[in-house]
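Residues per chain are reported as follows:
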Amino acid sequence: MKILVIGNGGREHALAWKLAQSKHATHIYVAPGNAGTEREDKVSNIDIAVTDIPHLVNFAKDNDIELTIVGPELPLSLGIVDEFEANGLNCLGPKKQCAQLESSKAFSKDFMTKYNIPTACYQNFTEVDKAKAYVKQMSLPVVIKASGLAAGKGVVIAQNIQEAESTIEDMLEGNRFGAAGCEIVIEEFLTGEEASFIVLCDGTHALAMASSQDHKARDDGDKGPNTGGMGAYSPAPIITDEVHQKVMQHIIQPVLDGMKSQGEAYKGFLYAGLMIMPNGEIKTLEFNCRLGDPETQPIMMRLESDLVELAFAALNEELDEYDTNWHPGTALGVVMAAGGYPNSYTTGDLIIGLDQTHDSNSKVFHAGTKRNGVSIVTNGGRVLCATALGVDIEEAHAYAYKLVDSVTWQNEYHRKDIGKKAFNKVKL
């Protein structure tokens, strides 16, 4: 069958690469894709923007696409799944109503409160004065979030009142995040260890993907500005069997039941960003209505099940009949970014080293890249994700950083401590 993947990041490269391994797949189209997706066997890029839903629908109809998988959040928030289904096309992802779990943090927090899903204390605001008054009642630091989509960067942890007030003004009056910041969420700061818990849903049942943990901060030691993610590894030792069961029972299933009670079954990937607190309590930091990036890269490296079959099981509400098989080792991905990311950075820099051959346990997934003649150049903030498999976290770390060292460009930047917090931890 012919399959369409929508998106142009590292997540979509990993999806296209894994889908192409399926015995059911004859060709994978990626819209718009990147310089890495077009180099894969059985994969080609289509020059259609992720927001051009009518054009994407027409392409799928004209080319007999039997399965579409949506990578990024923006087309989901615009109702791409609704449009595909209205045209009789199979499209894996939540409909617009369900996608509000990510597209509106205010909606998400209210939803969690309504269905007793554990999360941080919070309030939503559209007015500066009321927001400032609320902050003065809270313990510091405090978390301030743009309610709308902000490409993973609309979160500020304010350490003092001055920083909190300037952030509130910046978001609500300064248009820092555009329409995404017209409403903000202010919530208590939680301490503990973060983890990414991703499941595939069929409206009633959820099938857990391998656990993972990403690194949001730009600099070593989890310092510096918040980014879309600077690296990830799978599995995450913090997700014990006990934690897994609690999350499925108290977080994931209430989402499915709550959405169904509101008239729309949740189908597709659901990502719960978790805080595992020192006392063992688990709280939900956020929901994403798709696979994470860069979590997808190590997760797909470990996945041994047929992704096409899993996708149709979700669409056909048959996930309770399926299980997943995983490589028993660890996969780790290091994001290689443009210097200056997530703020100002240059594009168009020549990338050197991409033509080297690597074994099957190593893979460089492209994100912000494009072809320039016979060369490949940078075309975004997060450029590549060097991903490797190992028998354990230490070996995966060593292989991934060996891969990082084999590729370079002017002002390339990466963290040097991805996965180190998991060293010496044993998954129970």
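Residues numbered from 1 in each chain as written. Predicted model: local features only at pLDDT ≥ 70, side-chain atom pairs only at ≥ 80, totals over all residues. Heavy atoms only, no water.

Draft legend 1. Layout of the pattern of salt bridges. The final tally for this structure, using the stated rule, is 22 salt bridges. With its nearest N and O atoms 3.4 Å apart, the salt bridge here joins Arg39 to Asp355. Here Arg39, found in the loop between strand E2 (27-32) and strand E3 (43-45), pairs with Asp355, found in the loop between strand E18 (330-338) and strand E19 (362-366); they are 316 residues apart in sequence, far enough to count as distant. Owing to a relative accessible area of 67%, Asp355 belongs among the exposed residues under this scheme. (Salt bridge = Lys/Arg side-chain N within 4 Å of Asp/Glu carboxyl O. Helix = DSSP H or I, 4+ residues; strand = E, 2+ residues; numbered from the N terminus. Buried < 20%, exposed > 50% of the residue type's maximum accessible area, 1.4 Å probe, protein only.)

Draft legend 2. Representation of the packing of aromatic side chains. Under the criterion given, the structure shown has six aromatic pairs. Ring geometry for Trp17 against Phe365: centres 5.4 Å apart, planes inclined by 75°, an arrangement best described as edge-to-face. With Trp17 in helix H1 (residues 10-19) and Phe365 in strand E19, this residue pair connects regions lying 348 residues apart in the sequence. Look at Trp17 and you get buried, because its relative accessible area is 15%. Consider the rings of Phe111 and Tyr115, whose centres lie 4.7 Å apart with planes at 50°: the pair is tilted. (Phe/Tyr/Trp six-rings, centres within 6.5 Å; stacked < 30°, edge-to-face > 60°.)

Draft legend 3. Quick peek at the nonpolar core. Residues Phe84, Phe197 and Ile252 are the most contacted members of the largest nonpolar core, which totals 51 residues. For this core, the leading source of residues is helix H9 (residues 241-261), giving eight residues. Not counting residues within four places of it along the chain, the set of residues in contact with Phe197 comprises Ala208, Ile239, His244, Val247, Met248, Ile252, Leu270, Tyr271, Ala272 and Leu274. Leu15, Ala25, Ile299 and Phe312 belong to the second-largest nonpolar core, a separate cluster that totals 42 residues. (Core = buried A, V, L, I, M, F, W, Y, C linked by side-chain atoms within 4.5 Å. Contact = heavy atoms within 4.5 Å.)

Draft legend 4. Quick look at the environment of Met171. Relative to the elements of secondary structure, Met171 occurs in helix H8 (residues 161-172). Taking the C-alpha atoms as reference, Met171 lies 9.7 Å from Thr126; in sequence the two are 45 residues apart.

Draft legend 5. Structural view of the sheet that holds strand E6 (residues 122-125). Taken in spatial order, the four strands line up as E6-E9-E7-E8 in an open sheet, and their pairing is antiparallel. Edge strands, defined here as strands with exactly one partner in the open sheet, are E6 and strand E8 (155-158). On average, each strand axis in the sheet is inclined to that of its neighbour by 20°, with strand direction left out of account. With five bridges joining them, strand E7 (residues 142-146) and strand E9 (residues 184-188) adopt antiparallel strand pairing. Residue pairing for E9: Ile144 is matched across the bridge by Ile186. Packed on one face of the sheet, helix H7 (residues 128-136) meets E6, E7 and E9 and runs near 165° to E6. (Pairing = 2+ DSSP bridges. Axes fitted to C-alpha atoms, helices over the stretch in contact; angles between N-to-C directions.)

Draft legend 6. Quick look at the side chain of Thr119. With respect to the helices and strands, the residue Thr119 is situated in the loop between helix H6 (105-114) and E6. Here the side chain of Thr119 touches Lys109 through a polar contact of 2.8 Å, side chain to side chain. For Thr119, the side chain forms a polar contact with the main-chain oxygen of Thr284, separated by 2.7 Å. If sequence neighbours within four positions are ignored, Thr119 has contacts with Lys109, Met112, Lys283 and Thr284. (Polar contact = N/O pair within 3.5 Å; in protein donor to acceptor, adjacent residues only side chain to side chain.)

Draft legend 7. Geometry of the state of the cysteines. What the rule picks out here adds up to zero disulfides. Unpaired in terms of disulfides, Cys289 finds its nearest cysteine sulfur in Cys98, a separation of 7.6 Å. A relative accessible area of 2% places Cys289 in the buried class. (Disulfide = S-S within 2.5 Å.)

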